[in-house]
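# Results of the structural survey
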Amino acid sequence: MISKLTSVELDTFAWKAICGWPTRSNFNFCGYTDDYAELTRWFLWDKVGRALRFSSDLQSFALERELIEASNCSSRTCSVASSFIRTRLTPQLSRFFSLIKKKPEQQIQPVSNFLRCQGPLVYVPVLSDRLKNATGELIRENMCQVATGYCETIAGAAVFCPNITVHPDDDVTMMLYYAIIDGLKGFDITLMRGDEATLRTQISTLTSHVTSVRAELETLQPDAILVHGDNHPPFQAYVLSARKMGIPVVMLQHGLDCEHRYLDEAYASNIAVWGGERQTRYRNKSIWQPHISVTGNPEYDCLRPPTRIDPAGTYWLWLTRPHTPEKCYAPSRTPDEGLALLNALIDAIKKSPGARLVIKAHPYDYAALYQRIILDQSLHGVVEISGQTVHELALHASLVITEDSSAGLDALFAGKPMVHAHFTESAPTIPFVEYGAALPGFTKEQLVESILRISAFDFEQAQGFLAGQIEFIRDFAGPCDGNAGKRFVQYVGEIVCQK
């Protein structure tokens, strides 16, 4: 049956199974304070898609198998790709462990009573880079006190969280593990053996994490919680526990979507989005309806939309999406798409004497494989991989090739002609082309044609992109007036005061 489904039908089926496995299992959630069906959903995003790719033979599975084996390989005889994957793309489980791991107990001070007497308390379980500026501003403006899951010094103030150690609930772990396996089998889905082992370990970690989160919140009794995300570990446990305790949770949008469906659901009670497009999508697609404020993206406060399109530059810039197996959620998103795109871009280069290509690889992409192709085809000096920022690279590009990635939005501020590259049968998730912000590159032939067409544009022809790029920035990045950071801090402050 699965082998007869189209790519779109298979993607829909995968999401139905990820969300619907509890209806085909015997796991009883009664008596548990958190909804484990929601908390484990993220664990299945990559595993179900991979199982369906393997069983349906939608695309060749050879590269994905190589990448998976390389990521688990510790031998020096691993492939060229494996060294990069092993050092840069460790499994999601390892990142999960590192995020929830607390500092040694002697470094932690139980200061909830101390913080309580000094005003409202905001808890930031994981102080990501995106939240540091806002957290520091909250302290500087005397809006609240802050506690974090780590020993930190922010804005000159030390902020701490009590260390709480708990152990996994083995009974819940095994019940939940077998319920998921059985529920997926009800959809005729069998996870790959390595994924089953990873899932079991992830669930064991999750059960202890849920218990520790509850204890942290009962100890601190914060007036609000500030999180980096709300639909995956370790943040989601805080969000769902806080919802039951009546504690408001604030999340700041952290990117655009590179997959359909997987990021449609909202969980936090309050979400600051960059632009109106994300607000509309949450309103139309999320079951849980949060309070939403359009604040803009604080990281864009030093940027302004372009006033013209500048086709002058010394190279083509390719901005990749994640292609590693752990980031290919839908069955139609295959890891080998990146290699296919690079080969097409090389063909375009061969038809454009003097052209150069700079690759800005996503942190969860396999740059080592690109480097191997560059070496194998003796393209050194013609194709290179850069570690510079998107903004730095876009300024000197003659055109930008972007995939479904937030990096494409970043590059729009440079005002460059753009091509949207997308080689899978599923529709793109980011509507660069629909807005007129980019030309389509949805097949090899179309990608090469669009690149060569733009390369022949003069200054006046390039201005045809301007209106679409400005409109796209307005809808997806929001007001770019330099005040997004202030609006977000004000939004958090209002929520804390209301509490």
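Residues numbered from 1 in each chain as written. Predicted model: local features only at pLDDT ≥ 70, side-chain atom pairs only at ≥ 80, totals over all residues. Heavy atoms only, no water.

This paragraph deals with the sheet that holds strand S6 (residues 249-252). Sheet architecture is open: six strands sit in the order S2-S1-S5-S6-S7-S8, paired in parallel fashion. Each having just a single partner strand, strand S2 (145-148) and strand S8 (291-294) make up the two edges of the open sheet. Adjacent strand axes in the sheet meet at a mean angle of 25°, parallel and antiparallel pairs treated alike. Where strand S7 (residues 270-273) and S8 come together, four bridges link them in parallel fashion. Residue pairing across strands places Asn270 opposite His291, the latter belonging to S8. Contacting strand S1 (121-124), S2 and strand S5 (224-227), helix H10 (residues 193-220) runs over the sheet at an angle of about 160° to S1. (Pairing = 2+ DSSP bridges. Helix = DSSP H or I, 4+ residues; strand = E, 2+ residues; numbered from the N terminus. Axes fitted to C-alpha atoms, helices over the stretch in contact; angles between N-to-C directions. Contact = heavy atoms within 4.5 Å.)

Next up on the list: the pairing of S5. The alternating pattern of S5 places Ala224 and Leu226 on one face and Ile225 and Val227 on the opposite face, and all of these are buried. Here S1 pairs with S5 via two bridges, running parallel. By the bridge assignment for S5, Val122 is matched with Ala224. Note: S5 against S6, three bridges, orientation parallel. Directly across from Ile225, in S6, lies its bridge partner Val249. In this view, the connection linking S5 to its parallel neighbour S6 by way of helix H11 (residues 235-245) has right-handed handedness. (Buried < 20%, exposed > 50% of the residue type's maximum accessible area, 1.4 Å probe, protein only. Right-handed = clockwise from strand over helix to strand, strands pointing away.)

The subject of this paragraph is the nonpolar core. Counting residues in each nonpolar core, the largest one holds 61 residues, and the members touching the most others are Val48, Leu184, Ile189 and Leu199. Every residue in contact with Leu199, bar those within four places of it in the chain, is listed here: Phe43, Leu44, Lys47, Tyr177, Ile180, Ile181 and Leu191. If you look at the next biggest cluster of nonpolar residues, it comprises 38 residues, including Leu67, Leu345, Leu379 and Ile401. (Core = buried A, V, L, I, M, F, W, Y, C linked by side-chain atoms within 4.5 Å.)

The next subject is the environment of Ala414. Considering the arrangement of structural elements, one finds Ala414 in the loop between helix H16 (406-412) and strand S13 (418-421). Along the backbone, Ala414 and Arg308 are 106 residues apart, and their C-alpha atoms lie at a distance of 9.2 Å. In this structure, Ala414 is in contact with Ala394 and Leu395, ignoring residues within four places of it in sequence.

What follows concerns the confidence of the model for the chain. In this model, the chain carries an average pLDDT of 86, and 85% of its residues clear a pLDDT of 70 or more. Confidence drops under pLDDT 50 across residues 74-114; counting only partners more than four residues distant or on other chains, this segment forms 81 contacts. (pLDDT = per-residue confidence, 0-100.)

This part is about the packing of aromatic side chains. Here the structure, examined in full by the defined rule, presents 18 aromatic pairs. The interplanar angle of 70° and the centroid separation of 6.1 Å between the aromatic rings of Phe13 and Phe187 together place this pair among those described as edge-to-face. Taken as a pair, Phe13 in helix H1 (residues 7-20) and Phe187 in the loop between helix H9 (170-185) and H10 lie far apart in primary sequence, 174 residues in all. A residue is classified by how much of its surface remains accessible, and Phe187, at 5% relative accessible area, is buried. Grouping aromatic residues by their ring pairs yields a cluster made of Trp15, Trp45, Tyr262 and Tyr329. In this structure, Arg243 is placed above the aromatic ring of Trp288, and the distance from its NZ or CZ to the ring centre is 3.6 Å. (Phe/Tyr/Trp six-rings, centres within 6.5 Å; stacked < 30°, edge-to-face > 60°. Lys NZ or Arg CZ within 6 Å of the ring centre and 35° of its normal.)

Glycine aside, the phi torsion of most residues is negative, and most peptide linkages are trans. For the bond running from Pro233 to Pro234, omega is -5°, close enough to zero to count as cis. Along the chain, Pro234 falls in the loop between S5 and H11. Unusually for a residue other than glycine, Asp188 sits at a positive phi of about 65°. Here Asp188 lies in the loop between H9 and H10. Even without being a glycine, Ser378 presents a positive backbone phi close to 55°. Of the residues examined, Ser378 reaches a relative accessible area of 64% and is grouped as exposed.

Before going further, it helps to examine H1. When the terminal C-alpha atoms of H1 are compared, their 20 Å separation across 14 residues agrees well with the 20 Å that a helix rising 1.5 Å per residue should span. Within H1, burial applies to Ser7, Leu10, Asp11, Phe13, Ala14, Trp15, Ala17, Ile18 and Gly20. Tucked into the core, H1 has its buried residues touching helix H3 (41-56) and H9. (Expected span 1.5 Å × (residues − 1).)

Our focus in this paragraph is the sheet that holds strand S10 (residues 357-360). On the basis of which strands lie adjacent, the open sheet formed by six strands has the order S11-S10-S9-S12-S13-S14 and parallel pairing. At either margin of the open sheet sits one strand with a lone partner, and together these are strand S11 (383-385) and strand S14 (439-441). Here the average twist between neighbouring strands, direction ignored, is 25°. In this structure, S13 lies alongside S14, joined through three bridges in parallel fashion. Bridged to Val419 within S14 is Leu439. Sheet contacts for helix H14 (residues 367-376): strand S9 (315-319), S10 and S11; angle to S11, the most-contacted strand, approximately 155°. Across the sheet, helix H17 (residues 444-455) lies against S9, strand S12 (397-402), S13 and S14, angled at about 145° from S14, the strand it touches most.

The subject of this paragraph is helix H20 (residues 484-498). A turn of α-helix holds 3.6 residues, and therefore any two residues three or four places apart point the same way. Under the 1.5 Å per step criterion, the end-to-end length of H20 is 21 Å for 15 residues, consistent within 8% with the ideal 21 Å. Tucked into the core, H20 has its buried residues touching S1, helix H8 (129-140), S5, S6, S7 and S8.

Between side chains of opposite charge, a pair can form as their charged atoms come close. Taken as a whole and assessed by the stated rule, the structure comprises 22 salt bridges. Its salt-bridge partner being Lys416, residue Asp310 comes within 3.4 Å of it at the nearest N-O pair. Taken together, the residues Asp310 in the loop between S8 and S9 and Lys416 in the loop between H16 and S13 connect sequence positions 106 residues apart. You can call Lys416 buried: its relative accessible area is 2%. For Arg333, the salt bridge is made with Asp404, and the minimal N-O distance between the two is 3.3 Å. Of the two residues, Arg333 sits in the loop between S9 and helix H13 (337-350) while Asp404 sits in the loop between S12 and H16, which places them 71 residues apart along the sequence. (Salt bridge = Lys/Arg side-chain N within 4 Å of Asp/Glu carboxyl O.)

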